[in-house]
Amino acid sequence: MSTESSLLQGIRRPEYTGANRCLPCTAVNVLIAIVVSLLVAVVVLPLAPVVFGVSLLSIYYRGYLVPGTPELTKRYLPDRLLAYFDHGDERVQAADPAANEEWETLEKLEYEREHAVDPETFLRDAGAIRAETDVDDTAADLRTTDEFESALLDRADQLAADGVTAADLTEMFETGPDSITFKDRDYPAVQIDSRVRPWPSDAALHVDVAANDVLAERTDGWYDVPLEQRLDILAALRSFHERCPVCDGVVSFDEAVVDSCCRSYEVVTFACEDCGTRLVELPSDAAQGDLLADAERA
Ligand SMILES: [Zn+2]
């Protein structure tokens, strides 16, 4: 920063650059810069490189060339393209990709195929959930057991008081503390190895780590379950909470529209009616049926 002139610092717009840069908007702006420069080239050829250079500088330092691009991209870019860029569970380009990455992926798939569990059976055997039949004995609802729930909430309270540290996540994510970076965002997000993992609230992060720890303590096989399936199971368990872990308010299912940098999309939520804490937030098209069944892998 210190090498930059005060002029550049003056025009820099931190709210649109750095970690806040919107990739689709940047891409659209670069395209606009190319088109405008080509048009200029037709009229005054020597001016074109200057226009192009100034445009790129503006995009670099201000985050955009044309004000209001987020609104434009929201309206005109296909949703699937925007979803690709979105700040969800994104992958970060590895600085030094392993040469045998492909082989590792094959081995990982093989491991996942061999060690995937039936989530409901696993959680029942662990004493974490039970089926509760309703009054006329027709339907069975899955509930967490009181014992599991109270162990989980004790641990979650402890995490809420102390804060989650890298040491709390190493075993859960099968990695070392140096590969864990807490991101500065308005929701909890942690970069673990080459991937950024987001949670809809601090409470959601706390109950995930707490459920992980309780399951690791009470079963022999929790860490044999493939990592991604374990995370799906933890996310599904979040939808089982009937009371808010923060304020004990009633948790209910709802639908909402979420605005990200340049698009809005529908999500299903499990959130506290009193304090608004969101335990689960999933794009509605990804949440078909019940979450525990979604956590089952072929
Ligand atoms: Zn609450």
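The rules behind each value
Residues numbered from 1 in each chain as written. Predicted model: local features only at pLDDT ≥ 70, side-chain atom pairs only at ≥ 80, totals over all residues. Helix = DSSP H or I, 4+ residues; strand = E, 2+ residues; numbered from the N terminus. Buried ≥ 20, exposed ≤ 12 C-beta atoms within 10 Å, placed from the backbone. Contact = placed C-beta atoms within 7 Å. Expected span 1.5 Å × (residues − 1). Arc of directions from axis to C-beta. Pairing = 2+ DSSP bridges. Axes fitted to C-alpha atoms, helices over the stretch in contact; angles between N-to-C directions. Core = buried A, V, L, I, M, F, W, Y, C linked by C-beta atoms within 7 Å. pLDDT = per-residue confidence, 0-100.

A.B. asks: Honestly, the overall build of the chain in this entry has me stumped. Any pointers?
C.D. replies: Helices and strands together make up the secondary structure of the chain, namely twelve helices and eight strands. Going through the 298 residues of the chain one by one, you find that 24% of them count as buried. Considering only contacts within the chain whose residues lie at least 6 apart along the sequence, 58% involve residues at least 24 apart.

A.B. asks: Just checking my understanding: could you explain helix H8 (residues 146–162) for this structure?
C.D. replies: An α-helix turns once every 3.6 residues. As a result, residues three or four positions apart point the same way. For H8, built from 17 residues, the straight-helix expectation of 24 Å at 1.5 Å per residue is met to within 8% by its first-to-last C-alpha distance of 24 Å. Taken together, the buried positions of H8 are Phe148, Glu149, Ala151, Leu152, Ala156 and Leu159. Seen end-on, H8 carries its buried residues on one side only, within an arc spanning 165 degrees. Exposed side chains of H8 directed beyond 90 degrees from the buried face belong to Asp146, Ser150, Asp154, Ala161 and Asp162. Looking one or two residues past H8, Gly163 carries a phi angle of roughly 85 degrees, positive in sign.

A.B. asks: For this particular structure, what's the right way to read the sheet that holds strand E3 (residues 180–182)?
C.D. replies: Strand pairing within a sheet occurs via backbone hydrogen bonds; the two strands may be parallel or antiparallel. Strand order in this open sheet of three strands is E3-E4-E5, and the pairing throughout is antiparallel. Where the open sheet ends on each side, the last strands, each with one partner, are E3 and strand E5 (195–198). The mean angle between the axes of side-by-side strands here comes to 25 degrees, regardless of whether they run parallel or antiparallel. Inspection of the sheet shows E3 paired to strand E4 (residues 189–192) by three bridges, in the antiparallel sense. In the sheet register, Phe182 faces E4, and the bridge partner there is Val190.

A.B. asks: What is the right way to look at the nonpolar core in this model?
C.D. replies: Note that soluble globular proteins tend to have their nonpolar side chains buried in a common cluster. Core analysis: the largest hydrophobic core is formed by 36 residues, its most contacted members being Leu152, Val207, Ala210, Ala211, Val214, Ala236 and Leu279. Looking at this core, the elements that each hand over two or more residues are helix H7 (119–125), H8, helix H10 (202–218), helix H11 (227–238), strand E7 (264–272), strand E8 (278–283) and helix H12 (291–294). For this core, the element with the most residues is H10, which contributes nine residues. Residues Cys22, Cys25, Tyr64 and Leu65 belong to the second largest nonpolar core, which totals seven residues.

A.B. asks: Looking at this model, I keep getting lost on the sheet that holds E8. Mind explaining?
C.D. replies: Spatial ordering of the open sheet is given by E6-E7-E8, a layout of three strands whose pairing is antiparallel. Looking along the sheet, the strands with just one partner apiece sit at the ends: strand E6 (251–259) and E8. Each adjacent strand pair in this sheet contributes to an overall mean axis angle of 25 degrees, direction not counted. With five bridges joining them, E7 and E8 adopt antiparallel strand pairing. By the bridge assignment for E8, Phe270 is matched with Val280.

A.B. asks: Explain the confidence of the model for the chain to me, please; I cannot follow it from the model alone.
C.D. replies: Predicted coordinates in areas of low pLDDT are best not read in detail. Across the chain, the average pLDDT comes to 83, with 78% of residues at 70 or higher. H10 holds the highest mean pLDDT among the elements of the chain, 97, whereas helix H5 (residues 79–85) holds the lowest, 64.

A.B. asks: Explain the pairing of E4 here, please?
C.D. replies: Note on strand geometry: in a regular strand, side chains alternate between the two faces of the sheet. Adjacent in sequence and paired antiparallel, E3 and E4 are bridged by six residues. Where E4 meets E5, four bridges bridge the pair, whose relative direction is antiparallel. Paired with Ile192 across the bridge in E5 is Arg195. Here E4 folds back onto E5 in antiparallel fashion, the turn holding two residues, of which Asp193 has a positive phi close to 55 degrees.

A.B. asks: What am I meant to see in the environment of Ser284 here?
C.D. replies: Residue position: Ser284 is located in the loop between E8 and H12. Judged by local crowding, Ser284 falls into the partly exposed class, with 14 C-beta atoms found within 10 Å. Separated by 27 residues in sequence, Ser284 and Val257 have C-alpha atoms that sit 9.8 Å apart. In this structure, Ser284 is in contact with Glu255, Glu266, Val267 and Val268, ignoring residues within four places of it in sequence.

A.B. asks: Got a minute to help me understand unusual backbone geometry in this structure?
C.D. replies: When glycine is set aside, most residues are seen to have a negative phi, and most peptide bonds are trans. Notably, Glu174 is not glycine yet its phi reads approximately 50 degrees, a positive angle. By secondary structure assignment, the location of Glu174 is in the loop between helix H9 (166–169) and E3. Residue Glu174 is classed as partly exposed on the basis of its C-beta count, with 13 C-beta atoms lying within 10 Å. One non-glycine residue, Asp193, lies in the positive phi region at around 55 degrees. Positionally, Asp193 belongs in the loop between E4 and E5.

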